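# Fold and geometry: a report
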Amino acid sequence: MDIALYEAGVSHLEGKANVLKLSSNENPLGAPEPAREAFGRAARDLHRYPNTDHAALRRAIGEVWGLDPRRIICGVGSDEIITFLCQAYAGPGDEVIHTEHGFSMYRISALAVGATPVEVPERERTTDVDAILAACTERTKLVFIANPNNPTGTMIGGSELRRLAEGLPEQAILVLDGAYAEYVEGYDAGAALIAERDNVVMTRTFSKIYGLGGLRIGWGYGPQPIIDVLNRIRGPFNLSTAALLAAEAAVRDRAWVARCRAENARWRDWLARVLAEMGVPSDVSTANFILARFADPAEANACDEHLRGEGIIVRRVAGYKLPHCLRITVGDEASCRRVAHAIGQFKGLR
């Protein structure tokens with residue numbers, strides 16, 4: 001009961017038509033057509049249990065990302081991989097490190113196994129490697145960082161990731177949450193680091209750039225001994241046939257991913273620039289959202305209320321210790337122009 005319930009973003013507005021939802025970092029272009037077709041084909045076999053070893057999906061992920069399929073584990077979103085890691089490697093008396101503005105499931109999953117979550121400050125809303133290393137003790141078992149981070153959109157480079165991995169205590173595992181990795185051109189999400197070391201794991205998801213959030217599919221990659229441990233606590237039928245087929249088709253559609261990445265970068269940069277000109281700055285984002293900063297919590301809340309009045313939903317992030325900010329998902333062109341116009345109206349009224 002010490003665990004606060006996870007607070008999801010608002011998803012509808014009473015009495016409003018043509019609601020624009022920019023609160024959950026969903027891909028405005030949706031899922032690729034091959035994934036939707038694969039999902040439809042799965043309807044023929046609804047009476048059959050799904051495959052238990054996820055071999056076809058692991059093979060596809062391995063081919064696309066140049067990874068060993070034997071070292072891949074699939075789960076119900078990357079959340080489930082995070083849960084497995086805490087179940088397997090942390091418990092009462094152990095510590096799990098996460099950053100100040102990190103994904104709330106790190107803390108929740110640590111508390112669920114009786115471990116102690118340790119929050120480490122960030123530097124200007126960016127992961128601070130020195131602060132993490134200073135917080136490590138002989139009790140540290142897991143260190144979670146999202147790179148790019150949610151809800152800040154910031155990230156650190158490969159040299160800093162390597163310095164962090166090398167500096168951890170011997171018993172600790174570094175977990176790199178790469179939910180937004182596909183939005184960064186040329187970023188391997190830590191794969192090269194995992195190839196060099198035995199204390200690094202990455203988690204990934206199909207919920208963001210692949211547009212499959214409604215199916216809940218994620219995966220993890222790491223050293224063989226760690227993946228072997230995680231598979232021992234994974235439920236045998238944790239992913240449905242429809243999810244497995246859709247994810248395999250989605251990951252193979254590299255052209256779709258490239259298109260989504262390019263469109264996101266184009267309108268993310270446009271939205272950030274336009275809002276900055278209105279006096280609403282944001283850090284350079286490497287994900288599919290921007291973290292808009294207002295003068296104070298009162299102004300952020302007032303802007304949010306104005307947006308809701310215009311039928312636009314964004315995400316308040318006071319729960320992430322950013323009460324003066326609103327996280328805004330990058331939509332398509334029409335969505336970006338609509339939210340920018342509404343914020344402009346608000347600033348004009350002020």
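Residues numbered from 1 in each chain as written. Predicted model: local features only at pLDDT ≥ 70, side-chain atom pairs only at ≥ 80, totals over all residues. Heavy atoms only, no water.

If you tally the helices and strands in the chain, you get 12 helices and 12 strands. Relative to the compact-globule value of 20 Å for 350 residues, the chain shows a C-alpha radius of gyration of 20 Å, a close match. Seen along its three principal axes, the alpha-carbon backbone of the chain occupies a region of about 60 × 55 × 40 Å. Of the contacts made within the chain by residues no fewer than 6 positions apart, 75% connect residues no fewer than 24 positions apart. Approximately 15100 Å² of the chain is accessible, and the part contributed by carbon and sulfur atoms is 51%. (Helix = DSSP H or I, 4+ residues; strand = E, 2+ residues; numbered from the N terminus. Rg over C-alpha atoms; globule rule 2.2 N^0.38 Å. Contact = heavy atoms within 4.5 Å. Areas by Shrake-Rupley, 256 points an atom, 1.4 Å probe, with all protein chains shown as cover.)

Across 5 bridges, the pairing between strand β3 (residues 95–99) and strand β4 (residues 116–120) is parallel. Within the sheet, the bridge partner assigned to Glu95 lies in β4 and is Thr116. The β-α-β motif built from β3, the intervening helix α4 (residues 104–112) and the parallel element β4 has right-handed crossover chirality. (Pairing = 2+ DSSP bridges. Right-handed = clockwise from strand over helix to strand, strands pointing away.)

If you walk through the whole model with that rule in mind, you get 6 aromatic pairs. Between Tyr180 and Phe289, the aromatic rings sit 5.3 Å apart at their centres with planes inclined by 80 degrees, giving edge-to-face as the arrangement. On the criterion of sequence distance, the pair formed by Tyr180 in the loop between β6 (173–177) and α7 (191–196) and Phe289 in strand β9 (residues 289–293) is long-range, its members being 109 residues apart. Classification of Tyr180 as buried rests on a relative accessible area of 3%. The class for Phe289 is buried, based on a relative accessible area of 0%. Linked through ring pairs, Phe103, Tyr106 and Phe144 together constitute an aromatic cluster. Against the face of Trp65 rests Arg204, its NZ or CZ located 4.3 Å from the ring centre. (Phe/Tyr/Trp six-rings, centres within 6.5 Å; stacked < 30°, edge-to-face > 60°. Buried < 20%, exposed > 50% of the residue type's maximum accessible area, 1.4 Å probe, protein only. Lys NZ or Arg CZ within 6 Å of the ring centre and 35° of its normal.)

This brings us to the side chain of Asp253. Looking at the secondary structure, you find Asp253 in the loop between α9 (241–252) and α10 (254–277). Buried within the structure, Asp253 lacks any salt-bridge partner; Arg36 is the closest side chain of opposite charge, at an N-O distance of 8.5 Å. If we skip the residues at most four places from it in the chain, Asp253 touches Pro32 and Pro34. (Lys, Arg positive; Asp, Glu negative; His and termini not counted. Salt bridge = Lys/Arg side-chain N within 4 Å of Asp/Glu carboxyl O.)

Cis geometry is adopted by the peptide bond preceding Pro148, which originates at Asn147 and carries an omega value of 0 degrees. Turning to its location among the elements, Pro148 is positioned in the loop between β5 (140–146) and α6 (158–167). In this structure, Asn25 is a non-glycine residue whose phi angle is positive, near 55 degrees. Mapped onto the fold, Asn25 is located in the loop between β1 (20–21) and α1 (33–41). In this structure Asn25 comes out as buried when scored by relative accessible area, which is 1%. The phi torsion at Ala189 lies on the positive side, around 65 degrees, for a residue other than glycine.

This paragraph deals with the environment of Leu5. On the secondary structure map, Leu5 appears in the segment before β1. Owing to a relative accessible area of 77%, Leu5 belongs among the exposed residues under this scheme. Placed 99 residues apart in sequence, Leu5 and Ser104 show a C-alpha to C-alpha distance of 10.0 Å.

Core analysis: the biggest nonpolar cluster contains 59 residues, and Ile145, Leu174 and Phe206 have the highest contact counts within it. The element that contributes the greatest number of residues to this core is α9, accounting for 7 residues. Residue contacts for Ile145: discarding those within four places in its chain leaves Thr99, Tyr106, Thr127, Ile132, Ile156, Leu161, Leu164, Leu174, Val175, Leu176 and Asp177. Core analysis: the second largest hydrophobic core is formed by 28 residues, Ile73, Met105, Tyr106 and Ile227 among them. (Core = buried A, V, L, I, M, F, W, Y, C linked by side-chain atoms within 4.5 Å.)

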